[in-house]
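# An overview of the molecular structure
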Amino acid sequence: MIKIFSTDQTREIDQYTIQYEPISSIDLVERASTRFVQEFCRHYSRQMRVIVFAGRGNNGADALAVARLLSEESYQVEAYLFNPSGVLSDECEENKRRLQEVHSVRFIEIVDDFNAPELTRRDVVVDGLFGSGLTRPLEGGFAAVVDYINQSDAQVVSIDIPSGLFGEDNSENDPEAIIRADMTFSFGFPKLAFLFPENAPYVGKWKVLDIGLHPEVIENTATHWNMVTDNDVAMLVRSRGRFAHKGTFGHALLIAGSKGKIGAALLAARACLRSGAGLLTVHLPQRAEAIMQTAFPEAMIDMDLNQNHFSNFPELAAYSAIGIGPGLGQHMETSIAFERLLRIADKPMVIDADALNILSANREWYTIIPPYSILTPHPKEFDRLVGDSHSDYERLTKARKFAVEYKLIVVLKGAYTAICVPSGDIYFNTSGNSGMATAGSGDVLTGFLLGLLAQGYAPADAARIGVYLHGCAGDLAANFLSEESVIASDIIDMLGKAYKQVK
């Protein structure tokens, strides 16, 4: 599990490392800058000119150290230190002194007027103006420098975090006063802000660099934010006993499909059995029987009384898990039957798509959703559930509160799908790609999660496993086909290989 810490916690971890490694602050700056330069050299040619912009704090200290170290790597370097107050941090002052001893670097300290260098496509800007401790939008001269860099044709690489970006909540920030980096090399941990789509234009591609922060303080510092890795999922996936049989792995009930939307039910059904579930019954409107029996003979069918939509459901005692929503439609009879199902069901459910839309129109039903059910909304569906959000940070905060208040697992889908659990913890997924932004991908996830619940996985574990392997299968499909060509069926076809990859 990769922990994500707040900017205040990161500062405390730095200080603990300095005190208990022990290491001086200036040497920690040197270590971080060395790692930055090592990574920089892997991406950028020595034929490109490097223009370093440094502020007066420790991010600026990093930047000045980077300028010196890049010069030693035979880059042509110019460094600009912005110091209008005339006061530098101790580390910045020391790295200024060290840089001034390197005569191959053109060094300019700006106290008032800034004669900006011309930036071209052959230049790389290293942004070290401000770090993650910033708490208010940039303005005045610094905002003008940011705008000048953003308007240039140069590539931009940010140290730790793009200058002007806050580490967590940017809802009160000025989007015009934030560096738009092509690449960000972050020290120690990702910043929470990196995981929100609204910040993608500022962060660009990003990578976390290990700078040797003290493992003891990392282990002992609590955080609600975590990133799921393949090792985490490998530890959660159970081995299958030699003498197991189909009854061992549960019987899932999938309620899905309506006139014109039977394909969603088919995709979810296929994914459910690909998860490893032993048995699956699909409850369908009558007109869908021939389609399902022909296209997917592995599934059993329970027929609704209605020809075209969901209006009733079977006795539930035989089923170990229930999923509802893909292609369901929102007919009045469907809503009535869904409410009755919520009141009767005595085990966690997977709720998606039209079932979520019905819920959002009947918010008084939230309290009757079986505890620890898994809801899988995309951002717009979640906004319909709880109201509009002005930022991705606000939406995540609401999702966490919703999960805690109603004892539910909220799978807020996106590039870094956030799995919010009733304890208040949030797990961000690290697999997947933009090729999965295709019709039916969510139906596949619903079926896969249903199958995991049917096998007896705890809902929070099922969510982490299901979301990660779903993304893994999407990555395998994209590698084989291309992101542009992936369709939902391709994700299903790769689920088995995704299991093998993590195991």
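The following paragraphs examine the structure supplied in this document. (Residues numbered from 1 in each chain as written. Predicted model: local features only at pLDDT ≥ 70, side-chain atom pairs only at ≥ 80, totals over all residues. Heavy atoms only, no water.)

### With respect to unusual backbone geometry
Between Glu 21 and Pro 22 the backbone carries a cis peptide bond, its omega angle lying at -15 degrees. You can see Pro 22 is positioned in the loop between helix 1 (7-20) and helix 2 (25-43). In the Ramachandran plot, Ser 74 falls in the positive-phi region, its phi being about 75 degrees despite a non-glycine side chain. Counting through the fold element by element, Ser 74 comes out in the loop between helix 3 (58-72) and strand 3 (76-82). Of note in the backbone geometry, Tyr 372 takes a positive phi value of approximately 70 degrees without being a glycine. Look at Tyr 372 and you get partly exposed, because its relative accessible area is 39%. (Helix = DSSP H or I, 4+ residues; strand = E, 2+ residues; numbered from the N terminus. Buried < 20%, exposed > 50% of the residue type's maximum accessible area, 1.4 Å probe, protein only.)

### Quick word on the sheet that holds strand 4 (residues 106-110)
Strand order in the open sheet formed by seven strands is 4-3-2-5-6-7-8, with parallel pairing between adjacent strands. The open sheet has two free edges, formed respectively by strand 4 and strand 8 (205-209), since each of these has just one partner strand. The average undirected angle you get between the axes of adjacent strands in this sheet is 15 degrees. Looking at chain direction, strand 2 (residues 49-54) and strand 3 are connected through six bridges and run parallel. (Pairing = 2+ DSSP bridges. Axes fitted to C-alpha atoms, helices over the stretch in contact; angles between N-to-C directions.)

### Observations regarding the pairing of strand 16 (residues 409-412)
The alternating pattern of strand 16 places Ile 409 and Val 411 and Val 410 and Leu 412 on opposite faces, both of which are buried. Pairing analysis gives three bridges linking strand 16 to strand 17 (residues 418-420), with the strands arranged antiparallel. Among the inter-strand pairings, Leu 412 is bridged to a residue of strand 17, identified as Ala 418.

### Points about the sheet that holds strand 14 (residues 349-351)
Taken in spatial order, the 11 strands of this open sheet run 1-9-18-17-16-15-14-13-10-11-12, and their pairing is mixed. The open sheet has two edge strands, strand 1 (2-4) and strand 12 (300-303), and neither has a second partner. When strand 13 (residues 321-324) meets strand 14, the two strands line up parallel, connected through three bridges. Along strand 14, the bridge assignment pairs Ile 324 with Ile 351.

### Re the packing of helix 3 against helix 4 (residues 90-100)
Axis separation between helix 3 and helix 4 bottoms out at 8 Å; the angle between their running directions is 20 degrees. Our classification of the angle between helix 3 and helix 4 gives roughly parallel. Pair helix 3 / helix 4 crosses with left-handed handedness. Counting all contacts with helix 3, which are made through Asn 58, Gly 60, Ala 61, Leu 64, Ala 65, Ala 67 and Arg 68, the residues of helix 4 involved are Glu 91, Cys 92, Asn 95, Lys 96, Arg 98 and Leu 99. The residue makeup of the contact of helix 3 with helix 4, split by class, is six nonpolar, three polar and four charged. (Parallel < 35°, antiparallel > 145°, perpendicular 65-115°, else oblique. Left-handed = near helix turned anticlockwise from the far one by under 90°. Contact = heavy atoms within 4.5 Å. Nonpolar A, V, L, I, M, F, W, Y, C, P; charged D, E, K, R; others polar.)

### Regarding helix 4
Regarding helix 4, the residues found buried are Glu 91, Cys 92, Asn 95, Lys 96 and Leu 99. All buried residues of helix 4 lie within an arc of 135 degrees about the axis, which places them on one face of the element. Looking at the packing, one finds that the buried side of helix 4 touches helix 2, helix 3, strand 3 and strand 4. (Arc of directions from axis to C-beta.)

### Some points on the packing of helix 2 against helix 3
Look at helix 2 against helix 3: their axes get within 8 Å of each other, and the N-to-C directions meet at 55 degrees. On the basis of the axis angle, helix 2 is oblique to helix 3. Viewed along their axes, helix 2 and helix 3 form a crossing whose handedness is right-handed. On helix 3, the residues that touch Ser 25, Val 29, Glu 30, Ser 33, Thr 34, Phe 36, Val 37 and Phe 40 of helix 2 are Asn 58, Ala 61, Asp 62, Ala 65, Val 66, Arg 68, Leu 69 and Leu 70.

### Some remarks on the environment of Val 404
Mapped onto the fold, Val 404 is located in helix 14 (residues 392-406). With near-sequence residues (within four places) excluded, Val 404 lies in contact with Val 421, Pro 422, Ser 423 and Gly 424.

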